[in-house]
Amino acid sequence: KNQGQQWSNEQEKVHVAIDGRQVELPHLTVHKTYQDDDNQDSPLLFTLQNIGNKVKVECDRLGLTVETDGQGVEVKISNSYRGKMAGLCGNFDGEHHSEYEGPNREVYQSPFDFGLSYRIPSRECHEQGKSLS
């Protein structure tokens, strides 16, 4: 039910929105978000940390960690997902030769062509001169 993430850094504070919940995270702070915001005995949904120039979001229940510096993103997943993934982050099957498997199960040799295979055509991007064709 992820409705998107927003990230901004403003005077040593990071503002994060996940699933419609806004969290202000001062530097070197850990914030825990529970299913019921008013009840810390309810299940923990995720933990946010602001460390240096990075924000880290952890969801132990899903075995998922996401780190960003506002420019790039690193996604780490539990081994329980091995062989069950697909997309731009690879298929997580442990086989290097199949990491560039496109949406139609074709294997690309070039990371650029692999990335292009997942693009969604958009008139807006084309009109703004961002077409990759």
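Above this note sits the structure.
Residues numbered from 1 in each chain as written. Predicted model: local features only at pLDDT ≥ 70, side-chain atom pairs only at ≥ 80, totals over all residues. Heavy atoms only, no water.

### Notes on the pairing of strand 3 (residues 21-26)
Alignment of strand 2 (residues 13-18) against strand 3, held across six bridges, turns out to be antiparallel. Within the sheet, the bridge partner assigned to Val 16 lies in strand 3 and is Val 23. Hairpin remark: strand 2 followed by strand 3, antiparallel, with two residues in the connecting loop; positive phi at Asp 19, about 55°. (Pairing = 2+ DSSP bridges. Helix = DSSP H or I, 4+ residues; strand = E, 2+ residues; numbered from the N terminus.)

### Focus on the environment of His 31
Checked against the element boundaries, His 31 lands in strand 4 (residues 30-34). Looking at His 31, the relative accessible area reads 28%, which means it is partly exposed. It is 8.5 Å that separates the C-alpha atoms of His 31 and Phe 46, two residues lying 15 residues apart in sequence. When neighbours within four sequence positions are excluded, His 31 is seen to be in contact with Val 23, Leu 25, Phe 46, Thr 47 and Leu 48. (Buried < 20%, exposed > 50% of the residue type's maximum accessible area, 1.4 Å probe, protein only. Contact = heavy atoms within 4.5 Å.)

### Observations regarding the packing of aromatic side chains
Each aromatic ring pair is specified by the distance between its two centres and by the angle formed by the two planes. According to the stated counting rule, one finds two aromatic pairs in the structure shown. Here the aromatic rings of Tyr 100 and Phe 114 are separated by 5.2 Å at their centres, their planes lie at 45°, and the arrangement is tilted. In this pair, Tyr 100 is assigned in the loop between strand 8 (73-77) and helix 1 (111-117) and Phe 114 in helix 1, connecting sequence segments 14 residues apart. A residue is classified by how much of its surface remains accessible, and Tyr 100, at 31% relative accessible area, is partly exposed. Considering the side-chain rings of Phe 114 and Tyr 118, the 5.6 Å spacing of their centres and the 80° angle between planes classify their relative orientation as edge-to-face. Residue class for Phe 114 comes out buried when judged on its relative accessible area of 5%. Judged by its relative accessible area of 23%, Tyr 118 falls in the partly exposed class. Taken together through their ring pairs, the aromatic side chains of Tyr 100, Phe 114 and Tyr 118 make up a single cluster. The cationic tip of Arg 82 hangs over the ring face of Phe 92; the distance from NZ or CZ to the ring centre is 4.2 Å. (Phe/Tyr/Trp six-rings, centres within 6.5 Å; stacked < 30°, edge-to-face > 60°. Lys NZ or Arg CZ within 6 Å of the ring centre and 35° of its normal.)

### A closer look at the pattern of salt bridges
If you walk through the whole model with that rule in mind, you get four salt bridges. In this structure, Glu 67 and Lys 54 form a salt bridge, with 3.9 Å as the shortest nitrogen-oxygen distance. Taken together, the positions of Glu 67 in strand 7 (residues 64-68) and Lys 54 in strand 6 (residues 54-59) put the pair 13 residues apart, joining distant regions of the chain. Given the relative accessible area of 15%, Glu 67 is considered buried. Accessibility expressed as a relative area gives 36% for Lys 54, which makes it partly exposed. Salt-bridge contacts for Arg 105 lead to Glu 101; the nearest nitrogen and oxygen are separated by 3.9 Å. Arg 105 sits in the exposed class, given a relative accessible area of 64%. The class for Glu 101 is buried, based on a relative accessible area of 18%. (Salt bridge = Lys/Arg side-chain N within 4 Å of Asp/Glu carboxyl O.)

### Concerning the nonpolar core
Core analysis: the largest hydrophobic core is formed by 11 residues, namely Val 14, Val 16, Ile 18, Val 23, Leu 25, Leu 45, Phe 46, Leu 48, Val 55, Val 57 and Cys 59. Broken down by secondary-structure element, the contributors of at least two residues to this core are strand 2, strand 3, strand 5 (44-51) and strand 6. (Core = buried A, V, L, I, M, F, W, Y, C linked by side-chain atoms within 4.5 Å.)

Don't take any of this as a statement about function, it's just geometry.
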